[in-house]
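Listed below are the residues making up each chain.
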Amino acid sequence: MYKRKSRKLDEPREMEAKVGIIKRADGSAMFKIGNTIAMAAVYGPRNLYPKFMQNPEKGILRVNYNMFSFSVSERIRPGPSRRSKEISLVSENALLSCLNLEEFPNSVIDVYIEILQADAGTRCAGICAASMALADAGIPMRDLVSAISVGKVGDAIVVDLDKEEEDYEGGSTDMPIAMMPRNGKISLLQMDGNMSKEDIKKALELGRNTCNKIYELQKRTLKEKYMVEVENE
Ligand code: ADP
């Protein structure tokens, strides 16, 4: 059976979260899980230009995911790639579920996700940071979005694979998921590899439990910021 050196199979890496880290942005957040660090900044809702793109019935959400060139040991070429475009799109869809864009006609909400340091699970860390940044921007939301990668390493179902596990020689499957913990609705589900139906069920269960833990951290972090601000008034 595959074993981990420093944590249990159902245990995510150590997590840390912060909000309000970028003063110029309307909302911002940092989410760290193990050696993966994501930052997100939100601008808006603000008028959408060029004007012909405006929709008087609803606003739009624009998500841009990017990895810093120094986020992995080999330098990443700056600028959009096929991978970053795909991750921007799936992150946008994952976050759309928690917003009601009809409240913001003719507007855009811009979300920028930057990966400072990557050790797998970056799309999930980015979504966790982005949903906190949306809340920090004061945008009305149905719920936060929590995300984690689950999967299979060798013969074991695991949560929160790191890069070494993603590259495990005995075979590895990575299944990132995002959900709104309050109603349990899943807004991102991808899979890189192979798993049986039974394994997928087990992995999903593990993902749900971990999303609930992440959710508690996200809520606590947001509450801490706003409680301090009220006390200072
Ligand atoms: P995710 O980061 O959401 O798991 P991927 O499965 O595409 O997305 O990537 C897995 C990991 O591979 C990343 O987190 C990162 O650590 C590493 N990685 C991605 N792109 C590159 C790259 N261009 N060079 C080196 N490592 C990379």
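To start, this report covers the structure provided alongside it.

About the cut-offs
Within each chain, residues carry numbers counting from 1 in the order of the written sequence. Side-chain atom pairs in this predicted model are given and counted only at pLDDT of 80 or more, local residue features only at pLDDT of at least 70, and totals for whole chains, interfaces and linings cover all residues. Only hydrogens and water are removed before side-chain values are computed, so all heavy atoms of the structure are retained for them. Helical segments are the DSSP runs of H or I of at least four residues, strand segments are the runs of E of at least two, and each set is numbered from the N terminus. To estimate how far a helix should reach, multiply one less than its number of residues by 1.5 Å. Burial here depends on accessible area, computed with a 1.4 Å probe over protein chains only, as a share of the maximum for the residue type. Under 20% is buried, over 50% is exposed, and the range in between is partly exposed. Here a strand pair is declared whenever DSSP counts at least two bridges between the two strands. Axis angles are defined between N-to-C directions and span 0 to 180 degrees, where every axis is a line fitted to C-alpha atoms and, for a helix, only to the segment in contact. The contact criterion used throughout is that any non-hydrogen atoms of two residues lie within 4.5 Å. In the cavity and pocket records, a cavity denotes points on a 1 Å grid over the protein atoms alone where a 1.4 Å probe fits but cannot get out, a pocket denotes an open set with protein on both sides within 12 Å along at least 5 of 7 lines, and lining residues are residues with an atom within 4 Å of a point. Grid points are joined across faces, edges and corners, and a volume is the space filled by probe spheres set on the points. Under the convention adopted here, Pro, Cys and the residues Ala, Val, Leu, Ile, Met, Phe, Trp and Tyr are nonpolar, Asp, Glu, Lys and Arg are charged, and Gly plus all remaining residues are polar. Whether a residue is near a molecule or strand depends on its heavy atoms: it is near if one of them lies within 4 Å of it. Under the rule applied, a polar contact is a pair of N or O atoms within 3.5 Å (in protein, one hydrogen donor and one hydrogen acceptor; residues adjacent in sequence only if both atoms are side-chain atoms). We get accessible surface area from the Shrake-Rupley algorithm with a probe of 1.4 Å; when it comes to residues, only the shown protein chains can shield them.

**Considering helix α2 (residues 122-136)**
The periodicity of an α-helix, 3.6 residues per turn, causes residues three or four positions apart to be oriented the same way. Compared with the 21 Å implied by 1.5 Å per residue over 15 residues, the 21 Å span of α2 between its first and last C-alpha is a close match. Of all the 15 residues making up α2, 14 are buried; the element is thus mostly covered by neighbouring parts of the structure. One or two residues past the end of α2 sits Gly-138, with phi positive at roughly 80°.

**Quick word on the sheet that holds strand β6 (residues 146-153)**
The strand order across the open sheet formed by four strands is β7-β6-β8-β9, and the pairing between neighbours is antiparallel. Two strands close off the open sheet at either side, each with one partner strand: β7 (156-159) and β9 (185-189). Within the sheet, the average angular offset between the axes of one strand and its neighbour, ignoring direction, is 25°. Looking at chain direction, β6 and β7 are connected through four bridges and run antiparallel. Its bridge partner lying in β7, Val-150 is registered against Val-159. Packed on one face of the sheet, α2 meets β6, β8 (172-180) and β9 and runs near 165° to β6.

**What about empty space enclosed by the protein?**
Inspection of every chain in the model, using the stated rule, returns one cavity of 30 Å³ or more. Of the pockets and cavities examined, the largest cavity occupies roughly 40 Å³. Every residue along the wall of the largest cavity is listed here: Phe-31, Ile-33, Gly-121, Cys-124, Ala-125, Ala-147, Ile-148, Ser-149 and Asp-160. Mapped by element, the contributors of at least two residues to the lining of the largest cavity are β2 (27-33), α2 and β6. A total of three residues in the lining of the largest cavity trace back to one element, the largest contributor, which is β6. Residue composition of the lining of the largest cavity, by class: six nonpolar, two polar and one charged.

**As for the site of the ligand**
Around the ligand, the surrounding shell holds 13 residues, and the nearest of these are Arg-83, Ala-120, Gly-121, Thr-122 and Arg-123. Separating an oxygen atom of the ligand from a side-chain N or O atom of Arg-83 is a distance of 2.7 Å. Here an oxygen atom of the ligand and a side-chain polar atom of Arg-123 are 2.8 Å apart. For the ligand, whose unbound accessible area comes to 540 Å², protein coverage reaches 75%.

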